[in-house]
Each structure stands twice: as structure tokens, then as C-alpha cells.
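For reference, the chains in residue letters:
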Amino acid sequence: MASKNKTKTPEQIQYDQLQKKHELKRPILKNCFRAFWVGGLFCIAGQAITYFYIYFFNFTEKTAGNPTVATMVFIAMLFTGFGVYDRIGQFSGAGSGVPVTGFGNAVISAAIEHRSEGFVVGVGGNMFKLAGSVILFGVFSAFVITLIKTILIQWGGF
């Protein structure tokens, strides 16, 4: 096996210097700023939808969360279908991928990508590749947390 600490030839050193000279510098601060503001705008939209459900449908603050999440995922799926969410993602990076809308985008983009394979195998099978692992992790995490809570309450006397 070749050693990783092998000395470089003069041509390799010259190439490394040329590469560093032409390498594009990533605008990290600008990317963080964009991600922060776009993620914040998604949160503002989610809060507006929550208030909509509270005001017009007589939900409480506790019960308005589930329809708000479903609405945000649905809107993200619509935006993905129309190609808008991809442009938002290119502009904001993690600001669009971290909220729950990123989950909706990932699910529907997998379905759109594999639609040529048919509805059952292509759309249905590939749409749930990501969703299945997220749902499984969520259910397993809820089980573990409930188990820990039950042990603490039953045996800990809390």
C-alpha cells in the first residue's frame, strides 16, 4: 500500500498552487445570512397559518400545530411541483432544507424523479424511501423516550 505522506513532485506542487489560485471562495457569511432569513420567513409563514387555524377554525394553540405542519408540507410539495422550491433552495441552502418544508420537498422530489417508472413502483416506492426512514426513526425515538419517562415515573418516584 502506498504511503500517504509521499513527497510531491514539482509538477504536483505547481498544480496545487494553480488550483488554490483559481479556487472560488465560498461566501460563508452571506450563505448563513440567507439561510437565516429564508428559514425565518418559513417560520413566520407557519406562525401565520397557526393563527389562521386558531382564528377561523377555533383550534387552540396546542391543537393548531398538526394542521399547520400538514399545511406547510403541502405548500412545500406544491412549490416543488411547480419548480419554485428548487430556486428557493438554491438561494437559501439549509434555510429551506431544515424546516418541515424540507421534508415535504424531499418526499415529492423523489416521487417526481421516478414517475417514469410508474405510479406504484416509481412514485410510491421511491416517495417512501425517505419518508419511511423518517417515520421509523420518529416512532422508535418516541418509544425510547416513553420508555425512559415510564421508568423514571414508575421507579423513580417523580
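You'll find the structure just up there.
Presented here is an overview of the structure given in this document. It should be emphasised that the depicted structure is a prediction, and the values quoted were computed from it without experimental measurement.

In this section: the overall build of the protein. The helix and strand inventory of the protein stands at 7 helices and 0 strands. Moving toward the C terminus, one meets the helices and strands of the protein in the order α-α-α-α-α-α-α. For the protein, the C-alpha radius of gyration of 23 Å lies well beyond 15 Å, the compact-globule estimate for 158 residues. Reported as C-alpha extents along the three principal axes, the dimensions of the protein are approximately 70 × 50 × 40 Å. Every one of the 158 residues in the protein was classed for burial, and the buried ones make up 21%. Long-range pairs, those at least 24 residues apart, make up 51% of the contacts in the protein between residues at least 6 apart in sequence. Computing the positive centroid from 14 side-chain charges and the negative centroid from 7, the protein places the two 6 Å apart.

Turning to unusual backbone geometry, a few remarks are in order. Its identity as a non-glycine residue notwithstanding, Asn58 has a phi of 55°, on the positive side. Relative to the helices and strands, Asn58 is located in the loop between helix H2 (28-57) and helix H3 (65-81).

Our focus in this paragraph is a nonpolar patch on the surface. A cluster of nonpolar residues, Phe74, Ile75, Leu78, Phe79, Phe82 and Val84, forms a patch on the protein surface that exposes about 550 Å² of accessible area. Tallying contributions element by element places H3 first for the nonpolar patch, with 4 residues. Tracing the backbone through its elements, the reader meets Phe82 in the loop between H3 and helix H4 (84-92). Phe82 sits in the exposed class, given a relative accessible area of 64%.

This paragraph deals with the environment of Arg26. Relative to the helices and strands, Arg26 resides in the loop between helix H1 (10-22) and H2. Sequence separation of Arg26 and Gly124 is 98 residues, and the distance between their C-alpha atoms is 38 Å.

Structurally, Ser96 is set in helix H5 (residues 94-97). Of the residues examined, Ser96 reaches a relative accessible area of 4% and is grouped as buried. When the C-alpha positions of Ser96 and Ala76 are compared, they lie 9.7 Å apart, and in sequence the two are 20 residues distant. If we skip the residues at most four places from it in the chain, Ser96 touches Phe42, Tyr85, Ile88, Gly89, Thr101 and Gly102. A polar atom in the side chain of Ser96 sits 3.1 Å from the backbone oxygen of Gly93.

Turning to helix H7 (residues 119-156), a few remarks are in order. Between the first and last C-alpha of H7 there are 51 Å, a value that for 38 residues agrees with the 56 Å anticipated at 1.5 Å per step. Maximal helix bending in H7 amounts to about 40°, located at Lys129. Among the residues making up H7, those that are buried are Gly122, Val123, Asn126, Met127 and Ala131.

Here we come to the pattern of salt bridges. Any two side chains of opposite charge can pair if their charged atoms end up close together. Tallied over the entire structure, the rule returns 1 salt bridge. Among the ionic pairs, Asp16 bridges to Lys8, the shortest N-O distance being 2.5 Å. According to the relative accessible area criterion, Lys8 is partly exposed, its value standing at 47%.

Note on soluble globular proteins: their nonpolar side chains tend to be buried together. Val107, Ala111, Val123, Met127 and Ala131 form the largest nonpolar core, which has 5 residues in total. Among the elements of the structure, helix H6 (100-113) and H7 are those that each provide at least two residues to this core. Top contributing element to this core by residue count: H7, with 3 residues. Those residues in contact with Met127 that sit more than four places away from it in its chain are Val107, Ala110, Ala111 and Gly122.

Before going further, it helps to examine the packing of aromatic side chains. For the coordinates displayed, the defined rule picks out 9 aromatic pairs. Within the aromatic cluster, the residues linked to one another by ring pairs are Phe52, Tyr53, Tyr55, Phe56, Phe57 and Phe59.

Quick notes on the rules
- Residues numbered from 1 in each chain as written.
- Predicted model: local features only at pLDDT ≥ 70, side-chain atom pairs only at ≥ 80, totals over all residues.
- Heavy atoms only, no water.
- Helix = DSSP H or I, 4+ residues; strand = E, 2+ residues; numbered from the N terminus.
- Rg over C-alpha atoms; globule rule 2.2 N^0.38 Å.
- Buried < 20%, exposed > 50% of the residue type's maximum accessible area, 1.4 Å probe, protein only.
- Contact = heavy atoms within 4.5 Å.
- Lys, Arg positive; Asp, Glu negative; His and termini not counted.
- Charge placed at Lys NZ, Arg CZ, Asp CG, Glu CD.
- Patch = residues over 30% accessible without salt bridge, like charges linked within 9 Å, V, L, I, M, F, W, Y side chains within 5 Å.
- Areas by Shrake-Rupley, 256 points an atom, 1.4 Å probe, with all protein chains shown as cover.
- Salt bridge = Lys/Arg side-chain N within 4 Å of Asp/Glu carboxyl O.
- Polar contact = N/O pair within 3.5 Å; in protein donor to acceptor, adjacent residues only side chain to side chain.
- Expected span 1.5 Å × (residues − 1).
- Bend = angle between axes of the 7 residues up to and from the residue.
- Core = buried A, V, L, I, M, F, W, Y, C linked by side-chain atoms within 4.5 Å.
- Phe/Tyr/Trp six-rings, centres within 6.5 Å; stacked < 30°, edge-to-face > 60°.

Geometric values such as these leave the question of function open.
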